[in-house]
Amino acid sequence: MLFKYSGQITHEARAKNASWAITYADLITLLLTFFVLLLVILNEEEKHIDRVINKLLNETYLELKKIESNYLKVTRETNGVKLTVSSGRLFNSLEASVLQSALPLLDQIGAIIRVSKLLHVNEDPKYNKFLKTIIKLGKELNVEIRCEGHTDNDPVPEKSKFENNWDLSTARALNIVQYISNKSKIPEKQFSAMGYGEFRPVVNIDTVDKTLVAINNANAKNRRVEIYLDAFLKTNILTK
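Residues numbered from 1 in each chain as written. Predicted model: local features only at pLDDT ≥ 70, side-chain atom pairs only at ≥ 80, totals over all residues. Heavy atoms only, no water.

Caption draft 1: Representation of unusual backbone geometry in the model. The phi torsion at Leu 94 lies on the positive side, around 65 degrees, for a residue other than glycine. For Leu 94, a relative accessible area of 31% corresponds to the partly exposed category. With phi around 65 degrees, Lys 185 is a residue other than glycine that occupies positive phi space. Note that Lys 185 resides in the loop between helix H5 (165–184) and strand E4 (191–195). When its relative accessible area of 68% is taken as the criterion, Lys 185 is described as exposed. (Buried < 20%, exposed > 50% of the residue type's maximum accessible area, 1.4 Å probe, protein only. Helix = DSSP H or I, 4+ residues; strand = E, 2+ residues; numbered from the N terminus.)

Caption draft 2: Focus on the packing of helix H3 (residues 103–114) against H5. Viewed as axis vectors pointing N to C, H3 and H5 meet at an angle of 60 degrees, and their least axial separation amounts to 9 Å. It follows from the interaxial angle that H3 and H5 lie oblique. Handedness of the crossing formed by H3 with H5: right-handed. On H5, the residues that touch Leu 103, Leu 106, Asp 107, Gly 110 and Arg 114 of H3 are Ile 176, Tyr 179, Ile 180, Lys 183 and Ser 184. Looking at the contact of H3 with H5, its residues break down into five nonpolar, two polar and three charged. (Axes fitted to C-alpha atoms, helices over the stretch in contact; angles between N-to-C directions. Parallel < 35°, antiparallel > 145°, perpendicular 65-115°, else oblique. Left-handed = near helix turned anticlockwise from the far one by under 90°. Contact = heavy atoms within 4.5 Å. Nonpolar A, V, L, I, M, F, W, Y, C, P; charged D, E, K, R; others polar.)

Caption draft 3: Region of interest: the sheet that holds strand E5 (residues 224–235). Judged by pairing direction, the sheet is mixed, and its five strands sit side by side in the order E1-E2-E5-E3-E4 without closing on themselves. The open sheet has two free edges, formed respectively by strand E1 (72–76) and E4, since each of these has just one partner strand. Strand-to-strand twist in this sheet, taken as the mean axis angle between neighbours without regard to direction, amounts to 20 degrees. Helix H4 (residues 128–136) rests against strand E3 (139–150) and E5 of the sheet, and its axis sits at about 90 degrees to E3. (Pairing = 2+ DSSP bridges.)

Caption draft 4: Spatial organisation of the environment of Lys 234. Relative to the elements of secondary structure, Lys 234 occurs in strand E5. In this structure the C-alpha to C-alpha distance between Lys 234 and Val 143, which are 91 residues apart in sequence, comes to 10.0 Å. When residues no more than four places from it in sequence are discounted, the contact partners of Lys 234 are Gly 138, Lys 139, Glu 140 and Asn 142.

Caption draft 5: Spatial organisation of the pattern of salt bridges. The tally for this structure, following the rule as stated, stands at 12 salt bridges. Put simply, Glu 144 and Arg 146 hold a salt bridge, and the shortest N to O gap is 3.8 Å. The shortest N-O distance in the salt bridge between Arg 146 and Glu 148 comes to 2.9 Å. Each member of the pair Arg 146 and Glu 148 is classed as buried. Look at the salt bridges and you will find they share partners, linking Glu 144, Arg 146, Glu 148 and Asp 230 into a network. (Salt bridge = Lys/Arg side-chain N within 4 Å of Asp/Glu carboxyl O.)

In short, geometric facts, not functional conclusions.
Here it is, written out as structure tokens:
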């Protein structure tokens with residue numbers, strides 16, 4: 001009797017000691033469920049933000065597409081819109097000053113971007129939810145107009161005022177963004193300029209036929225200016 005009674009007490013004690021584990025497991029399950037739901041909500045918010053940004057970019061792309069021509073190519077890129085203009089349309093050989101004949105084209109580009117919804121999203125009530133979601137994430141919408149200059153691989157003559165193709169392409173890109181910013185009144189903080197010289201060709205000169213026509217055509221394609229309109233989220237430093 002004593003052995004049986006003692007065994008019963010031991011079993012009940014063990015059951016009481018193990019009861020906390022059930023409660024702990026329930027708590028862990030609830031926490032896991034909470035974090036999974038939180039992850040789903042955040043993922044949906046990010047998808048919503050991406051959809052809105054792409055919608056805004058698509059609207060601007062369609063407007064810019066209307067002025068596409070033989071010397072202006074407009075394409076929709078993953079993160080924005082790219083405009084490619086032949087350098088021969090914009091500059092004289094070995095010069096960085098924008099040709100007067102090219103100014104109307106730059107005026108059109110600047111005017112379309114200036115009035116785009118992308119730059120005025122704060123003024124439209126239907127985007128309030130979009131903006132509030134961004135703020136909640138500690139982010140802000142960043143819109144950047146980036147200009148990149150490119151040349152062919154012919155070296156710059158010794159008597160040129162530019163040290164090399166890198167210098168020439170950078171000066172050209174800078175003059176483009178300065179003109180568009182000044183004329184369109186888009187704040188300078190939304191622009192950036194850089195030059196790549198001959199180092200990012202669209203046509204590898206080593207792969208074309210060694211005929212004068214083929215080489216000239218390849219060089220003409222490589223001499224270009226690319227203007228990118230990008231939109232993406234960045235951390236709001238005021239929330240840090």
